[in-house]
Every structure is written in structure tokens, then in C-alpha cells.
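Listed below are the residues making up each chain.
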Amino acid sequence: MEALDGNAIAGGMLEVFGSEMTDVRARCRFCGDTSYLAELRVYMRAPGAVGRCQRCMNVVLVMTSIRGTARVDASGLEMPG
Amino acid sequence: MVELVDETPRTKSLVLDLPDWQGHRAGQHVDVRLTAEDGYQAERSYSIASSPEDAQLVLTVERLDDGEVSPYLVDVLRPGDELELRGPIGGYFVWEESLGGPLLLVAGGSGVVPFRAMLRHRLASGSDVAVRLLYSSRSLDQVIYRKELEEAGTAEGIEVDLTLTREWPEDWKGHRGRIDAQLLEQVGWSPADRPQIYSCGPTPLVESVADSLVAAGHDQRRIRLERFGPTGT
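Analysis parameters
- Residues numbered from 1 in each chain as written.
- Chains lettered and ligands numbered in written order.
- Predicted model: local features only at pLDDT ≥ 70, side-chain atom pairs only at ≥ 80, totals over all residues.
- Heavy atoms only, no water.
- Helix = DSSP H or I, 4+ residues; strand = E, 2+ residues; numbered from the N terminus.
- Rg over C-alpha atoms; globule rule 2.2 N^0.38 Å.
- Buried < 20%, exposed > 50% of the residue type's maximum accessible area, 1.4 Å probe, protein only.
- Contact = heavy atoms within 4.5 Å.
- Areas by Shrake-Rupley, 256 points an atom, 1.4 Å probe, with all protein chains shown as cover.
- Salt bridge = Lys/Arg side-chain N within 4 Å of Asp/Glu carboxyl O.
- Polar contact = N/O pair within 3.5 Å; in protein donor to acceptor, adjacent residues only side chain to side chain.
- Phe/Tyr/Trp six-rings, centres within 6.5 Å; stacked < 30°, edge-to-face > 60°.
- Domains from an automatic or database assignment.
- Buried area = accessible area lost by both parts, 1.4 Å probe.
- Pairing = 2+ DSSP bridges.

Let us look at the overall build of chain A. Across its full length, chain A carries 1 helix and 8 strands. In chain A, the succession of helices and strands from N to C terminus is β-α-β-β-β-β-β-β-β. Here the C-alpha radius of gyration of chain A, 11 Å, is about what a compact globule of 81 residues would show, namely 12 Å. Considered along the principal axes of its C-alpha atoms, chain A spans approximately 35 × 30 × 20 Å. The buried share of chain A, reckoned over its 81 residues, is 44%. Sequence-distant contacts, at least 24 apart, represent 44% of the contacts inside chain A between residues at least 6 apart. Accessible area of chain A: about 4,000 Å², with a carbon and sulfur share of 46%.

Structure follows, in C-alpha cells:
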């Protein structure tokens, strides 16, 4: 399956975080790589979207949409304060 | 929606009248949400094809045969119908005059849509940033915005290169075959020019473009990618 990138889940992230997130840089808790959320490798065909670190490919973010409401678990990322 | 424009046999542009639109930046997209009578919802992202300076918002949609949203937008929706959309979205894959250049834009298929917005913005803003667009399509009839791109390519500082990968007319004077390192070197910028690079299209194309450019010495931090596939744009 071909990965997309963080641009593909920008709308859901905007809904959850309340601001534009693709140009936010976050640090992967697994490998320490810092990259833009737009650069996550995103797999859309899982039940929900799965975001992996572009460098180490660990799962750092999961986004689900339940009855039209997006939820994000980004515990694999250190977001800027 | 106020107007539907045929672009290619599989692609149409939707011209939208949005009284409360807050404006957008070239390269951004919107999410379009469809709701069925039973409440089932499907949502997809579509790049904005119009520039911030244009009076109306334009989305260009490629019909995917097994799609949930695009067949409705391309085949069923009629002028006067309403659409639910969210946006503008995106802050990474955007270009505006203040970001400067030179610019290299590399597109595959309907990945050219955000670049139409960037080219129109470049022209409407009076910018003199040098732009090179390299655009790959399967065949001539699949080239979106062909006439407009040919015209844009005659403007000073803008070069448009088309390549056809599957079939081409006998007298085709453009490039033939897929975008590869050689073609990028031929039509793109030298790393010493420090171009801002954007590539949008199917994942394999975009990743191969990025790999070739990095191998040729371009700075990875100046390369912005937007991948799309059947589940995305």
C-alpha cells in the first residue's frame, strides 16, 4: 500500500487542534527526528489514518473519525509548546 | 456551484461561489464532505486551482472509477447545487510571492492542480520569480489546463515542459516518457540556483522526483511534497 503524507489528514488535524498543523514541526519520540507534520507517512486504509515517522517508520500518530468528529492520538510526537 | 468546466475526459473544474470565503494561499486544499440520505458521510481533499486573486474558488476533480466522492462531483453535481466544504487547509505545501524563488514545480496527473494556483498567483501578483513547471501526463488528452499552461509558458520567466508517458502524437514536440533524473536535470535548476521545489502527484512519482533531486545535490529542506492517491485527493 502506498503511503500518502500529512497533507492528506490536514483537515482532521485542523479540526482537532484548532489551527493549521502541516507546517508545525514535531519530534519523533522513537528516533528523535524533527520534521513537519506534512512530512509524516500517512496510511489511509487502516480503520482511521496512521501516521508514521518519515525516518524510522514507527507509528507516531493515529487519527480516527467517528460520526464526523476527528480524534487524534499523537503520543508518538513531541509537539512544540 | 455556479459552473462546471470540462478539462479532460476524466477531469472537471468546479467553479464555486462562496460569499463568506476568507481567502486562501496558492497550494492549499479544501475538504469536500458528502452526506448520503442515511447519514453516511465521505470526505475527500481537493486542491484549489484558483489563485488568491481570482474572484471565484475553483476545484479541479479527477474522476476515480472506484471513488466515493469524485464520481458524484464530476457526473452528478450540477450548477446551482450546494456543496459542504471545509477550508482552506494547508500551510506547508503553499507558495506565495514573498517566499521567492526560483521555483521548480513537478507534477504528475492531477497533481498539477495546486500549481495552476501558484502560476496564476505568480502572474496576478506581478512577481518576477522565475518558474519552471514540469508536468507528466499519460497522453495529450489527459493534460489538464493544456491551453492555459501553454499560454503561461509564453510569459517572461515562466517555462512549462510537458512529458507524455504512454502515447503521444507523431508530431509531439514535448518530452516523452516518465520524469527521471535526466529530465529533471535538463529542465530544472542547478542546485547552485537554490530553487524552491514543489512536487505533487501520485506517491511513486513524487518520491522518485525527490530522490533524484536530492541525489543531484538539491537541499532536501527546500523540497516540499504532496502525495495523493485514491483515498486522498
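Attention now goes to the environment of A215 of chain B. Mapped onto the elements, A215 of chain B comes out in helix α5 (residues 203-215). Separated by 34 residues in the primary sequence, A215 of chain B and A181 of chain B have C-alpha atoms spaced 8.8 Å apart.

Taken together, the 23 residues of chain B in the interface contact 21 residues of chain A. Inspection of the chain B/chain A interface yields 3 salt bridges. Residue R41 of chain A pairs with E207 of chain B through a salt bridge whose shortest N-O separation is 3.8 Å. Run the count over chain B and chain A and you get 9 residue pairs in polar contact (both at pLDDT 80 or more). Residue assignment for the side of chain B that touches chain A shows that the elements contributing at least two residues are β3 (29-35), β4 (41-47), β6 (84-89), α5 and β12 (223-228) of chain B. In terms of residue count, β12 of chain B provides more of the side of chain B that touches chain A than any other element does, 4 residues in total.

Attention now moves to the environment of D5 of chain A. Turning to its location among the elements, D5 of chain A is positioned in strand β1 (residues 4-5). Only 2.7 Å separates the side chain of D5 of chain A from the backbone nitrogen of R227 of chain B, close enough to count as a polar contact.

Residues and elements named next belong to chain B. Inspection of the entire model under this criterion finds 3 aromatic pairs over all chains. Arranged with centres 5.9 Å apart and planes meeting at 35°, the rings of F93 and F115 form a pair that is tilted. Here F115 lies in helix α2 (residues 113-124) and F93 lies in the loop between β6 and β7 (103-108), a separation of 22 residues in the sequence. The two residues F93 and F115 agree in class, both being buried.

A common way to express how large an interface is: the accessible area buried when the components associate. Residues and elements named next belong to chain B. By domain assignment, chain B separates into domain 1 (3-89) and domain 2 (97-228). On a C-alpha basis, the centroid separation for the pair domain 1 and domain 2 is 23 Å. Summed over both sides, the interface of domain 1 with domain 2 buries roughly 1,400 Å², with 55% coming from carbon and sulfur. At the junction of domain 1 and domain 2, the tally comes to 1 salt bridge.

Residues and elements named next belong to chain A. The pairing of strand β5 (residues 49-52) with strand β6 (residues 59-66) spans 4 bridges and is antiparallel. By the bridge assignment, A49 is partnered in β6 with M63. Bridging between β6 and strand β7 (residues 69-73) involves 5 bridges; their strand directions are antiparallel. Each residue of the ladder has a partner; that of S65, found in β7, is A70. Hairpin remark: β6 followed by β7, antiparallel, with 2 residues in the connecting loop; positive phi at R67, about 45°.

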